[in-house]
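One letter stands for each residue in the lines below.
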Amino acid sequence: MERTLIIAKPDAVQRGLVGEIISRLERKGLKLIGLKMSRLDEAMLKTHYAEHIEKSFYKGLEQFMQSSPVVLMAWEGFECVDSVRTLVGVTNPRQAVAGSIRGDLAIGAGRNLIHASDSKESGISEVDFFFDAKELFDYEKSEYLNLYEDHERQ
Ligand code: IDP
Ligand code: MG
């Protein structure tokens, strides 16, 4: 099963949308394997957003991401990385389709509520970066019989 890191960003915390985000991921059928509130510091953000450090929006992004605590989540599911990105919507919420989290609930490009891993590899490395092994939970989810075919559950 793939893993994906979700961050409910400061705007989600401030706007009281953390529950809505969790609810949408739960309703999709994903399995929550880790959850915590945290303040992200400059060093963590530089690692997490390494590909964006040289971009014009980076300073603003770094400041914004430290403006309040965030909620970090690790989720698991069959081929879940891409399907979560679809659920989240494209980066600019004004272009995100209705029905997606950003399309329904956000409007400013720098206030798009949520981070979601963008590849199978980044799902693994980002969960690993933000969570210690003891903060991740391995358990049976009873509804899997009604969510997946046998071959998808392996
Ligand atoms: P993603 O979150 O959809 O993967 P990325 O391109 O990886 O989007 O950018 C990371 C984050 O940087 C975005 O979620 C957003 O918060 C911020 N960002 C990206 N592009 C812009 C921009 O043009 N203006 C302001 N903030 C931006
Ligand atoms: Mg990204």
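Here, every reference points to the structure presented above.
Every value quoted in this text rests on a predicted model; they were computed, and no experiment measured them. (Residues numbered from 1 in each chain as written. Chains lettered and ligands numbered in written order. Predicted model: local features only at pLDDT ≥ 70, side-chain atom pairs only at ≥ 80, totals over all residues. Heavy atoms only, no water.)

A. Fine view of the overall build of the protein chain. When helices and strands are tallied, the protein chain shows 9 helices and 4 strands. Going residue by residue from the N terminus, the α and β elements of the protein chain occur as β-α-α-β-α-α-β-α-α-β-α-α-α. Judged by the C-alpha coordinates and their principal axes, the protein chain covers about 45 × 35 × 25 Å. The buried share of the protein chain, reckoned over its 154 residues, is 46%. As displayed, the protein chain has an accessible area near 8,500 Å², and 50% of this comes from carbon and sulfur atoms. (Helix = DSSP H or I, 4+ residues; strand = E, 2+ residues; numbered from the N terminus. Buried < 20%, exposed > 50% of the residue type's maximum accessible area, 1.4 Å probe, protein only. Areas by Shrake-Rupley, 256 points an atom, 1.4 Å probe, with all protein chains shown as cover.)

B. Here's a closer look at the site of ligand 1. If you check the shell around ligand 1, you find Lys9, Tyr49, His52, Phe57, Leu61, Arg85, Thr91, Arg102, Ala109, Gly110 and Asn112 and nothing else. The contact in question runs from an oxygen atom of ligand 1 to an N or O atom on the side chain of Asn112, over 2.9 Å. Starting from 520 Å² of accessible surface for ligand 1 in isolation, the protein chains cover 75%. Each residue belonging to the shell around ligand 1 can be placed in one class, and the counts come to 4 nonpolar, 4 polar and 3 charged. (Near = heavy atom within 4 Å. Polar contact = N/O pair within 3.5 Å; in protein donor to acceptor, adjacent residues only side chain to side chain. Nonpolar A, V, L, I, M, F, W, Y, C, P; charged D, E, K, R; others polar.)

C. Summary view of the environment of Leu113. Turning to its location among the elements, Leu113 is positioned in the loop between α6 (101-105) and β4 (114-116). Along the primary structure Leu113 and Tyr148 are separated by 35 residues, whereas in three dimensions their C-alpha atoms are 29 Å apart. Here Leu113 is in contact with Ile7, Ala8, Lys9, Asp11, Ala12, Arg15, Leu17, Ile21, Ile101, Leu105 and Ala106, once residues within four sequence places are set aside. (Contact = heavy atoms within 4.5 Å.)

D. Spatial organisation of helix α5 (residues 80-88). Within α5, the full set of buried residues consists of Cys80, Val81, Val84, Leu87 and Val88. For α5, the buried positions fall inside an angular range of 120° around the axis, keeping them on one side. Residues of α5 that are exposed and point more than 90 degrees away from the buried face comprise Asp82 and Thr86. Those residues of α5 that are buried are in contact with β1 (2-8), α2 (18-28), β3 (70-77), α6, β4 and α7 (120-130). (Arc of directions from axis to C-beta.)

E. Highlighting the packing of aromatic side chains. Per the counting criterion, the structure on display carries 3 aromatic pairs. Centre to centre, the rings of Phe78 and Tyr148 are 6.3 Å apart; their planes meet at 80°, and the pair counts as edge-to-face. Remark: Tyr148 occurs in the loop between α8 (144-147) and α9 (150-153) and Phe78 occurs in the loop between β3 and α5; sequence separation between them is 70 residues. We classify Tyr148 as buried; its relative accessible area is 14%. Seen from their ring centres, Phe129 and Phe130 are 4.8 Å apart, and the 75° between their planes marks the pair as edge-to-face. One aromatic cluster in this structure is built from Phe78, Tyr144 and Tyr148. Over the aromatic face of Phe64 sits the side chain of Arg111, whose NZ or CZ is 4.0 Å from the ring centroid. (Phe/Tyr/Trp six-rings, centres within 6.5 Å; stacked < 30°, edge-to-face > 60°. Lys NZ or Arg CZ within 6 Å of the ring centre and 35° of its normal.)

F. How the structure looks around the packing of α2 against α5. Interhelical geometry of α2 versus α5 gives an angle of 135° and a closest axis separation of 11 Å. Comparing the axis directions of α2 and α5 gives the class oblique. Crossing hand, α2 versus α5: right-handed. Where α2 abuts α5, its residues Arg24, Leu25 and Lys28 lie against Ser83, Val84 and Leu87. For the contact of α2 with α5, the residue count by class is 3 nonpolar, 1 polar and 2 charged. (Axes fitted to C-alpha atoms, helices over the stretch in contact; angles between N-to-C directions. Parallel < 35°, antiparallel > 145°, perpendicular 65-115°, else oblique. Left-handed = near helix turned anticlockwise from the far one by under 90°.)

G. Region of the structure containing the nonpolar core. Ile6, Ile21, Leu25, Met73 and Leu113 are the most contacted members of the largest nonpolar core, which totals 22 residues. For this core, the secondary structure elements donating two or more residues are β1, α2, β3, α5, α6 and β4. Each residue touching Leu25, except ones within four places of it in the same chain, is listed here: Ile6, Leu30, Trp75, Val84 and Leu87. Core analysis: the second largest hydrophobic core is formed by 17 residues, Tyr58, Val70, Val127 and Phe130 among them. (Core = buried A, V, L, I, M, F, W, Y, C linked by side-chain atoms within 4.5 Å.)

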